[in-house]
Amino acid sequence: MKTLSYEERLHRVLQHIENSLDSRPDLAELAEIACFSPYHFHRIFSSMMGESVAAYVRRLLLERAAQQVAHTRDPITLIALDAGYESVDAFTRAFRAHFDALPSEYRRTDGHLTRARKQNPDAPLFHHQIVGVPALEIRVTKFAPLLVAAMRNTGPYEDCGPAWLHLFSLLGPAGLLREGMVAYGVSHDNPDVTPKDKCRMDVCVSLPQGVSEETPAIRDLLRNKELFLRHIGSECDYVAMKVQGDYALLHPAYRSLFGQWFPQSGREPVNDPGFEAYYNSPQTTAPEDLLTEIFIPMKPE
């Protein structure tokens, strides 16, 4: 049996934390998943991640809460409870320490854009402010659950290229890259809220029709613990926004979607990152012709 590397064991832990964030997994449980003693696991996690387990979980919950504060009408009390705080006062202190603003102030002043304004004071923040690019195409649609092969990349979204190539290098020899396949990305974090070096993306590729977890080629591939299967899509309504042009336009497009379309539509996003579908390849397509569609699930009307 292959011995898992430290990186593979840590990846299993991170997946478990994300999948059970609301149940607050404890240190002993995570150490068992990683096959380390709790004492050594804590040191290993802190050294490899640059923050303790508790700080990592707390940051994910606060960053999720910031998204809810900024983009929903949910009461602050409910958001505080959802983030694991027993009182609004405790949540407010933690939120202010992390984002340098009270939750109510953050909501009122679009605090999530503060970092972007500081980093690029002269650059347009929103897609609809950028001159000379094709207009966004927005529709409401459905997207049934779809099984995809995925790998996790942590770091700036613009640096995901090697992860895509690695995923393709695994699927290609196994005969799982077919004509008509679509690449997808799940951007777990908002770079206006999360430091770029901590942003998480699942790079994904659709699988041939009829392939499942029990397909022999898939079972063989899953021995490589960097690769995993997941679903994108759900039974929700989705707002789908088509973006033509360089991938650098995607983040301003997200800002336009959340800062303009959602408030005007009266709809609200659910607590899920959604996904991006990439309809052509940057290896064979000029940047101005790249076509990406962003799908965000919404609460019922």
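The structure this text deals with has already been given above.
I will try to describe carefully the structure that is included in this document. (Residues numbered from 1 in each chain as written. Predicted model: local features only at pLDDT ≥ 70, side-chain atom pairs only at ≥ 80, totals over all residues. Heavy atoms only, no water.)

It is worth spelling out the overall build of the protein at this point. Scanning the protein for helices and strands turns up 11 helices and 6 strands. On C-alpha atoms alone, the protein measures out to a radius of gyration of 20 Å, which is about the 19 Å that the 2.2 N^0.38 rule sets for 301 residues. Along the longest, intermediate and shortest principal axes, the C-alpha atoms of the protein span 55 × 50 × 35 Å. For the protein, restricting intrachain contacts to residue pairs at least 6 apart in sequence, the fraction spanning at least 24 positions comes to 70%. For the protein, the exposed surface amounts to about 15600 Å²; the carbon and sulfur share of it is 52%. The distance from the centre of the 31 positive side-chain charges to the centre of the 39 negative ones in the protein is 4 Å. (Helix = DSSP H or I, 4+ residues; strand = E, 2+ residues; numbered from the N terminus. Rg over C-alpha atoms; globule rule 2.2 N^0.38 Å. Contact = heavy atoms within 4.5 Å. Areas by Shrake-Rupley, 256 points an atom, 1.4 Å probe, with all protein chains shown as cover. Lys, Arg positive; Asp, Glu negative; His and termini not counted. Charge placed at Lys NZ, Arg CZ, Asp CG, Glu CD.)

When you line up the elements, Thr 285 lands in the loop between β5 (275-278) and β6 (291-298). Within the structure, the side chain of Thr 285 is placed 2.9 Å from the backbone oxygen of Ser 281, a separation counted as a polar contact. Thr 285 has contacts with Asn 280 and Leu 290, leaving out every residue within four places of it along the chain. (Polar contact = N/O pair within 3.5 Å; in protein donor to acceptor, adjacent residues only side chain to side chain.)

Aromatic ring pairs are defined here through the distance separating the ring centres and the angle between the ring planes. By the definition in use, this model includes 20 aromatic pairs. Each ring, one from Trp 164 and one from Tyr 278, has its centre 5.6 Å from the other, and the planes form 85°; the classification is edge-to-face. Of this pair, Trp 164 sits in helix α9 (residues 161-171) while Tyr 278 is found in strand β5, placing the two residues 114 residues apart along the sequence. Both rings, one in Tyr 184 and one in Phe 275, keep their centres 5.9 Å apart while their planes meet at 75°; by these two values the pair is edge-to-face. Here Tyr 184 is found in strand β2 (residues 183-187), whereas its partner Phe 275 is found in strand β5, with 91 residues between them in sequence. Each of the two residues, Tyr 184 as well as Phe 275, counts as buried. Here the aromatic residues Tyr 85, Phe 91, Phe 95, Phe 99 and Tyr 106 are joined through ring pairs into a cluster of three or more. (Phe/Tyr/Trp six-rings, centres within 6.5 Å; stacked < 30°, edge-to-face > 60°. Buried < 20%, exposed > 50% of the residue type's maximum accessible area, 1.4 Å probe, protein only.)

In this model helix α1 (residues 6-19) runs 20 Å from its N-terminal to its C-terminal C-alpha over 14 residues, within 8% of the 20 Å that 1.5 Å per residue would give. Within the span of α1, buried status applies to Glu 8, Arg 9, Leu 10, His 11, Val 13, Leu 14, Ile 17 and Glu 18. (Expected span 1.5 Å × (residues − 1).)

Another point: the pairing of strand β4 (residues 227-244). For strand β1 (residues 137-154) and β4, the ladder comprises 13 bridges, and the chain directions are antiparallel. Among the inter-strand pairings, Ala 150 is bridged to a residue of β4, identified as Phe 228. (Pairing = 2+ DSSP bridges.)

Right, let's get into the environment of Ser 5. Among the secondary structure elements, Ser 5 is positioned in the segment before α1. Residue class for Ser 5 comes out partly exposed when judged on its relative accessible area of 29%. In this structure, the C-alpha to C-alpha distance between Ser 5 and Lys 225, residues 220 residues apart in sequence, is 9.2 Å.

The subject of this paragraph is unusual backbone geometry. Both trends apply: most residues other than glycine have a negative phi, and most peptide bonds are in trans. Positive phi is not limited to glycine here, since Arg 24 has a value of about 50°. Tracing the backbone through its elements, the reader meets Arg 24 in the loop between α1 and α2 (27-34). With a relative accessible area of 30%, Arg 24 lands in the partly exposed category.

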